[in-house]
Amino acid sequence: MLKLQSIYKEYQAGDTTVHALKDINIEFRKNEFVSILGPSGCGKTTMLNIIGGLDRYTKGDLSINGKSTKEFKDTDWDSYRNHSIGFVFQNYNLIPHQTVLSNVELALTLSGVSKAERRQRATDALTRVGLADQLHKKPNQMSGGQMQRVAIARALVNNPEILLADEPTGALDSETSVQIMEILKEIAKEKLIIMVTHNPDLAKKYSTRIIRLFDGNIKSDSDPYEVSEFSSKPVDKAGKSRSSEKKALMKKTSMSMFTALSLSMNNLLTKKTRTFMTAFAGSIGIIGIALILSLSNGIQSYIDNVQKDTLSAYPIIIEKESVDMTSLMTSIVSNQNKDISHELDKVYSNPVMGNMVETMVKEVKTNNLEAFKKELDRSDNTIASHASTVQYGYSLDLNIYSLDVSDGIMQLNPSSIFSSFTQSPSFPGMGSMYSSQLKVWEEMLNNQELLNSQYDVLSGRWPTSYDEVVLMVDENNEISDIMIYALGLKDPKEMEKVMSAAMKGEVYETKDVDFAYDELLSKTFKLVLPSDYYKYDKDSNTWKDMREDKAYMADLVEQGTDLKIVGIIRPNADAVSTSMSGAIGYTSALTDYVISRTNENEIVKQQLSAPGIDVFSGIEFSDGENRELTMEDVNAYVATLDEETRLQTEAYISTMPEDQVLEMFQDQITLPTTDASYEGNLQTLGIVDMDNPSTISLYASSFDEKEAIADAIQAYNTRMKEDGKEEYVIQYTDIVGLMMSSVSSIINVISYVLIAFVAISLVVSSIMIGIITYISVLERTKEIGILRSIGASKRDISRVFNAETLIVGFVSGLLGIVITVLLNLPINMIIKAVSGISGVSAALPLAGGVILIIISMFLTLLGGFIPSKIAAKKDPVVALRSE
C-alpha cells in the first residue's frame, strides 16, 4: 500500500545543509496503528509530511499502491492529500471563522461532492466522534478535546486510506488523551494510522507497530512489513482493487468559487470594522467618479431637454420661397471688407443698399415643396427618420367668430383689434406691425409626447378631434389682455377706447378679470370657411362678396362649425422653451377638415374647373397682354345701345365683312379686365392642395439629429443635381444652426478630465487593497497550510484571496454607489438654490452604477493579484507551523 524506498530529505539552514532523513526504507500495511518515536529533531514530522505529500523528498521514491510518485505534479499531490490522506495535528488546525460542520465539510467541497451528500457525510463523521450536538459551534467555543475530535472527523470525512497524526495528544490532558487514543485505535481496525508521538507509554498501549527514529535513520521496527505479505494481499477489506485506488488517486481536486467566497466572507466578518474601513477607503474613488457621472448625467439631461425644447420652437423651416441668408450675410461682410480702388482725397459713395437689394433678389429661391413632400413621405426616407415631427404648413387662415351675435358680428381671428392703430397718425404703421405679430390661433405639433413634456394640463384634456381646442396660459396662469380681447373674453371695443385715450395722452382704466376653469371650458367659437363669404348671382353668373350683408353674415356665423375649448394647458416648470406662442392650440385635424370642406364648396369647384375665368367677375384672367376684340364683344356692346341706335347699327354692320366691323369698333369698345389672378383667387377662397404645402417644418429632438437632417437634405440636393433636376434643390435658412452645439462636448471634456483626476484615488485604493490583502495572507497563513493539507491546490489558495478582494471590491463599489445616491439629494437642492435651475438633477445612471461596481471589483482583484500569488506559493509545512 505505502512504501518508502531510500528516502533522503535535505534542506538548507543558512549555509548549512541539514540531513533530515537518511536512506529511509519502510513499508506499511493497509490497516495498522503505527507509532513513530524518537527525540526532537530526529525527522519524525518530516517523514510524516513526506508521507502526507506536504513535503517533497530529496532522493528516493514514495510508492502509493505500487505507483511511484517521482513524476507526480502538484495537482497529483493535491489529489493524493484530498482522497488518500487525513491529517490530525497537535494544535487541531481548525479554521476559526468556520463552524464545526463547515470545517469538516471543507475537504468534501474540494472533491466535488454535492451539498446534500456533503452535509450528511460531515454530520455522520462528527456523530462518529461524539459531536452530533456541536455542529454549529465555532472552534473557539469548544474544549481542546472537542476540537481534536473535530480534527479527526475532518480527517475521516473523505474516507482516506491513511490517517496521519502528529502529536494528537500533545496539547491534551491525560483523560482527554486516552479518549482520543481510543478513537484512533478504533479507526486503525480499518485504516492505516501513522502517529508521531513523544509518549512511549501511549505508543505501547495503543499501537500495533512502533518505529524508532534517531538522527534521520530508522533504528528499530517492532513489526516490519514483509514484501511477500504485501504481494499476497492485492485487495483490501473493502474489496477495492489497486486499479480503482489509482483511479481515485488521479481524480483532480478543485475548490468552487462559492466555497472560496464563503471562506473569505466568513473571514471578513470576523474583522467587521477593518473590512468596513477598507471598503469605505476603497469607495472614495468610486464616490468621486459616481458624483461626477451623476452631475454630468444631470447636466446632459438638462442640455437634452433644452435642445428638445429649443428645437421644438426653432425647427428647420423650408418655405416655397426663401432667401439664402448665408449668401446675404456673406455679401454684406465682403462689401465691408472690399478692397479700395480710389484715392482718399474725396468722399465717395458706397453702394451698400444697391448691393444688398441685388443680392436679396438674386438669392430668392423657389423650393418645389410638392416634390420634397413626396420624398419625405417615402417609407425609407432618412430625413423623416431623424425628425421627431414633420409638420406641413399651408397658406390658410382660420376665420373665427364669436358665438354670440346678439350685439353684432365679432370676428376674432384674424384679429382686428389693432385696426384703430392703423388710422392713427400718432402710431404710424403700428397697427399692421402688431397685427402681423399677433398669433392667437396656432396649430399644435403632431407629437403628443413632446407636448406632454412641455405642458401641464390644468383642467380638461388634450384635443382628440378637429372641433376641439386648448387654451394656453403662462407659468402664472395668466393670459395677456391682448389675448383676452382677441378671444372675445372682453369686448374688443374697449381696446379701441384704450388706444383712443392713449392718443389723447389720457389713461383709460380697465378692470382686471379672472375666469374659472369651467367657465373657459364652456367657451365655444364659430368657424367660417373663406369660400362661404360668397353667394352666387344668377343674373351676372358671378359670385358676390356678402361680408357687408349683416343678415347674411349673422346666418353664416350661426351655421358655422363649433370649436370648443376642451383643455387648459400651462408650460411645464422644467421646460426651457415651448413650441407654441399663441393662446389657442388646435390639431392638424382641423386644418385637414377646413381644406376638405373648402374643396367641396361650389364656388371652389367652379374656379378649379375654369382656371382661366375669374369667378367673381366672369372675366378671363389677364396674362399681361391685351386681348383681341371679337364679334361676341361687338354684339355685346351693340346690345347695350338704345333700341333705335341698336337697330340701325345692326343693319349697317350686317352688310360689312367681320374684319371691317372689328376694325370699326376697335377704338369704341373698351374690353373689361380684372386685376385678379387665378393664384390670388385660390388663396382668397382658401383653396389648398394637400400635396403642395407652403412650408415644411422639420423638428429634431437633439442637435445631433438636426445635423443628421441637414446632412440628409444635402444628400437629397446632391442627388437632384446629379439627376439634372436643379429645380428640385431645397434652399433654407437654419436658425438653430447658428446656435452652438459644442456645450455637450465641453461638458463631456470637463467630466473626462475630472474623472481622470479622481481615478488616481482608485489606483491608490487598489494599492491599499493589495496591502490589506497581503496582511490578510499573513494573518491566514495557517489557514493556507490547513487548506493545502486537505488537498487544496495553489490555484484554490489563490482563488480564496481573489474571492476576498472581489468581496471587498463589491462592497466598496456598492457603498460608493449608495453614498453617491444619498449625496445627490442635497447636491440637487444646492444646485437649485444657487443656480435657480430646477431642470438640473444629478442622478447616477443605473448602467453607470453597475459599471462602477464592476470596475471596483476589477481594481481590487488587480490589487490583490500579487498577494494571492504569494499565498499560493507558501510552503504548506511552514504555513502549518505559523501562529
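Whatever comes next refers back to the structure up there.
### Some points on the overall build of the chain
Link 1 in the chain: Summing up its helical and strand segments, the chain has 35 helices and 25 strands in all.
Link 2 in the chain: Across the 883 residues of the chain, 46% fall into the buried class.
Link 3 in the chain: At a minimum sequence separation of 6, the contacts of the chain that also span at least 24 residues come to 78%.
Link 4 in the chain: Carbon and sulfur atoms provide 54% of the accessible area of the chain, an area that totals close to 45,200 Å².

### A word on the environment of Gln-134
Link 1 in the chain: Looking at the element boundaries, Gln-134 is found in the loop between helix 4 (115–128) and helix 5 (144–156).
Link 2 in the chain: With relative accessibility at 9%, the residue Gln-134 sits in the buried group.
Link 3 in the chain: Considering only alpha carbons, one finds Gln-134 and Leu-101, 33 residues apart in sequence, at a separation of 8.4 Å.
Link 4 in the chain: Within the structure, the side chain of Gln-134 is placed 2.8 Å from the side chain of Lys-137, a separation counted as a polar contact.

### Digging into the packing of helix 25 (residues 631–638) against helix 27 (residues 658–665)
Link 1 in the chain: Axis separation between helix 25 and helix 27 bottoms out at 10 Å; the angle between their running directions is 60°. The orientation of helix 25 relative to helix 27 falls into the category oblique. The interaxial crossing formed by helix 25 with helix 27 has left-handed handedness. Contacts between helix 25 and helix 27 pair Met-631, Val-634, Tyr-637 and Val-638 from the former with Glu-658, Val-661, Leu-662 and Phe-665 from the latter.
Link 2 in the chain: Taken together, the residues of the contact of helix 25 with helix 27 sort by class into seven nonpolar, no polar and one charged.

### Points about the sheet that holds strand 8 (residues 192–196)
Link 1 in the chain: Taken in spatial order, the six strands line up as 6-7-8-3-9-10 in an open sheet, and their pairing is mixed. Of all the strands in the sheet, the pair left with one neighbour each is strand 6 (85–88) and strand 10 (217–221). If you compare each strand with its neighbour and ignore which way they point, the axes differ by 20° on average.
Link 2 in the chain: Summarising the sheet, strand 3 (residues 32–37) and strand 9 (residues 209–214) pair through four bridges and their orientation is parallel.

### What about the sheet that holds strand 5 (residues 67–68)?
Link 1 in the chain: Spatially, four strands are ordered 2-1-4-5 in an open sheet, and the strand pairing comes out antiparallel. Two strands close off the open sheet at either side, each with one partner strand: strand 2 (16–28) and strand 5.
Link 2 in the chain: Relative to strand 2, strand 1 (residues 2–13) runs antiparallel, the two being bridged by nine bridges. Residue pairing in the sheet places Ile-7 in a bridge with Ile-24 of strand 2.

### Focus on the pattern of salt bridges
Link 1 in the chain: Summed over the entire model, instances satisfying the criterion amount to 29 salt bridges.
Link 2 in the chain: Here Arg-378 ties to Asp-380 by a salt bridge, and the two come within 3.1 Å at their closest N and O atoms.
Link 3 in the chain: Take Arg-378: its relative accessible area is 37%, and that puts it in the partly exposed class.
Link 4 in the chain: With its nearest N and O atoms 2.8 Å apart, the salt bridge here joins Asp-545 to Arg-547.
Link 5 in the chain: A relative accessible area of 41% means that Asp-545 is categorised as partly exposed.
Link 6 in the chain: The partly exposed category is assigned to Arg-547, whose relative accessible area is 40%.
Link 7 in the chain: Each member of the salt-bridge network shares a partner with another, and the members are Arg-29, Glu-32, Arg-209, Asp-221 and Asp-223.

### Side note on the nonpolar core
Link 1 in the chain: Ranked by internal contacts, the top residues of the largest apolar core, which has 89 residues, are Leu-2, Leu-4, Phe-28, Ile-194 and Leu-787.
Link 2 in the chain: Aside from chain neighbours lying at most four places away, what touches Leu-4 is Ile-24, Asn-25, Ile-26, Phe-28, Met-47, Ile-51, Asp-61 and Leu-62.
Link 3 in the chain: Formed by 52 residues, the second largest nonpolar core is a distinct cluster that contains Tyr-586, Met-720, Val-729 and Ile-730.

### Brief notes about unusual backbone geometry
Link 1 in the chain: Across the junction of Asn-413 and Pro-414, the peptide omega takes the value -10°, indicating a cis bond.
Link 2 in the chain: Topologically, Pro-414 is positioned in the loop between strand 16 (411–413) and helix 16 (419–423).
Link 3 in the chain: The backbone of Asn-65 sits at a positive phi, close to 55°, despite the residue not being glycine.
Link 4 in the chain: Along the polypeptide, Asn-65 turns up in the loop between strand 4 (59–64) and strand 5.
Link 5 in the chain: Positive phi outside glycine occurs at Asn-159, with the angle close to 50°.
Link 6 in the chain: Tracing the sequence through the fold places Asn-159 in the loop between helix 5 and strand 7 (162–166).

### Points about empty space enclosed by the protein
Over the atoms rolls a probe the size of a water molecule, and its path tells where empty space is left.
Link 1 in the chain: On inspection of all chains with the given rule, the structure shows four cavities of 30 Å³ or more.
Link 2 in the chain: Taken as a whole, the largest cavity encloses approximately 100 Å³ of empty space.
Link 3 in the chain: Forming the boundary of the largest cavity are Leu-268, Arg-274, Thr-275, Thr-278, Ile-769, Ile-772, Thr-773, Ser-776, Glu-804, Thr-805 and Val-808.
Link 4 in the chain: Tallying contributions element by element places helix 30 (residues 743–779) first for the lining of the largest cavity, with four residues.
Link 5 in the chain: Of the residues contributing to the lining of the largest cavity, the split by class is four nonpolar, five polar and two charged.
Link 6 in the chain: Taken as a whole, the second largest cavity encloses approximately 70 Å³ of empty space.
Link 7 in the chain: Residue contributions to the lining of the second largest cavity peak at three residues, all from strand 6.
Link 8 in the chain: Within the lining of the second largest cavity, the residues separate by chemical class into five nonpolar, four polar and two charged.

### Concerning a nonpolar patch on the surface
Link 1 in the chain: Together, Phe-810, Val-811, Leu-814, Val-818, Leu-822 and Leu-825 make up a nonpolar patch on the protein surface, roughly 520 Å² of accessible area in all.
Link 2 in the chain: Here Leu-814 shows up in helix 32 (residues 794–835).

### Re the packing of helix 3 (residues 100–110) against helix 4
When two helices pack together, you describe them by how their axes are tilted relative to each other and by the distance separating the axes.
Link 1 in the chain: The contact between helix 3 and helix 4 brings their axes to 9 Å, and the two run at 120°. Here helix 4 runs oblique to helix 3, going by the angle between their axes. With respect to the hand of their crossing, helix 3 and helix 4 are arranged in right-handed fashion. On helix 4, the residues touching Val-100, Leu-101, Val-104, Glu-105, Leu-108 and Thr-109 of helix 3 are Arg-118, Arg-119, Arg-121, Ala-122, Thr-123, Ala-125 and Leu-126.
Link 2 in the chain: A per-class count over the contact of helix 3 with helix 4 returns seven nonpolar, two polar and four charged.

### So, the layout of surface pockets
Link 1 in the chain: Space inside the second largest pocket adds up to approximately 720 Å³.
Link 2 in the chain: For the second largest pocket, the lining is made up of 32 residues, of which Thr-45, Asn-49, Asp-166, Val-877 and Arg-881 are closest to its centre.
Link 3 in the chain: Split into classes, the residues belonging to the lining of the second largest pocket amount to 10 nonpolar, 12 polar and 10 charged.

### Looking at the packing of aromatic side chains
Link 1 in the chain: Tallied over the full model, the rule gives 12 aromatic pairs.
Link 2 in the chain: Ring centres of Phe-621 and Tyr-678 lie 6.4 Å apart, and the angle between their planes is 70°; this geometry places the pair in the edge-to-face category. In this pair, Phe-621 is assigned in the loop between helix 24 (602–609) and helix 25 and Tyr-678 in helix 28 (residues 678–684), connecting sequence segments 57 residues apart.
Link 3 in the chain: Relative accessible area serves as the criterion here: at 15%, Phe-621 is assigned to the buried category.
Link 4 in the chain: Chaining the aromatic ring pairs together yields one cluster made of Phe-72, Trp-77 and Tyr-80.
Link 5 in the chain: Across the ring face of Tyr-8, the terminal group of Lys-59 is positioned such that the distance to the ring centre comes to 4.5 Å.
Link 6 in the chain: In this structure, Arg-780 packs its charged tip against the face of Phe-801, placed 5.0 Å from the ring centre.

### Comments concerning the pairing of strand 19 (residues 468–472)
Link 1 in the chain: Extensive coverage of strand 19 is indicated by the burial of five of its five residues.
Link 2 in the chain: Where strand 19 meets strand 23 (residues 561–571), five bridges bridge the pair, whose relative direction is parallel. The residue bridging Leu-471 from the neighbouring strand is Ile-568, located in strand 23.
Link 3 in the chain: Bridge count for strand 19 against strand 24 (residues 584–586) is three bridges, and the pairing is antiparallel. Counted as the bridge partner of Val-469 is Tyr-586 from strand 24.

Parameters and conventions
- Residues numbered from 1 in each chain as written.
- Predicted model: local features only at pLDDT ≥ 70, side-chain atom pairs only at ≥ 80, totals over all residues.
- Heavy atoms only, no water.
- Helix = DSSP H or I, 4+ residues; strand = E, 2+ residues; numbered from the N terminus.
- Buried < 20%, exposed > 50% of the residue type's maximum accessible area, 1.4 Å probe, protein only.
- Contact = heavy atoms within 4.5 Å.
- Areas by Shrake-Rupley, 256 points an atom, 1.4 Å probe, with all protein chains shown as cover.
- Polar contact = N/O pair within 3.5 Å; in protein donor to acceptor, adjacent residues only side chain to side chain.
- Axes fitted to C-alpha atoms, helices over the stretch in contact; angles between N-to-C directions.
- Parallel < 35°, antiparallel > 145°, perpendicular 65-115°, else oblique.
- Left-handed = near helix turned anticlockwise from the far one by under 90°.
- Nonpolar A, V, L, I, M, F, W, Y, C, P; charged D, E, K, R; others polar.
- Pairing = 2+ DSSP bridges.
- Salt bridge = Lys/Arg side-chain N within 4 Å of Asp/Glu carboxyl O.
- Core = buried A, V, L, I, M, F, W, Y, C linked by side-chain atoms within 4.5 Å.
- 1 Å grid on protein atoms, 1.4 Å probe; cavity = no way out; pocket = protein on both sides within 12 Å on 5 of 7 lines; lining within 4 Å.
- Points joined across faces, edges and corners; volume = space filled by probe spheres on them.
- Patch = residues over 30% accessible without salt bridge, like charges linked within 9 Å, V, L, I, M, F, W, Y side chains within 5 Å.
- Phe/Tyr/Trp six-rings, centres within 6.5 Å; stacked < 30°, edge-to-face > 60°.
- Lys NZ or Arg CZ within 6 Å of the ring centre and 35° of its normal.

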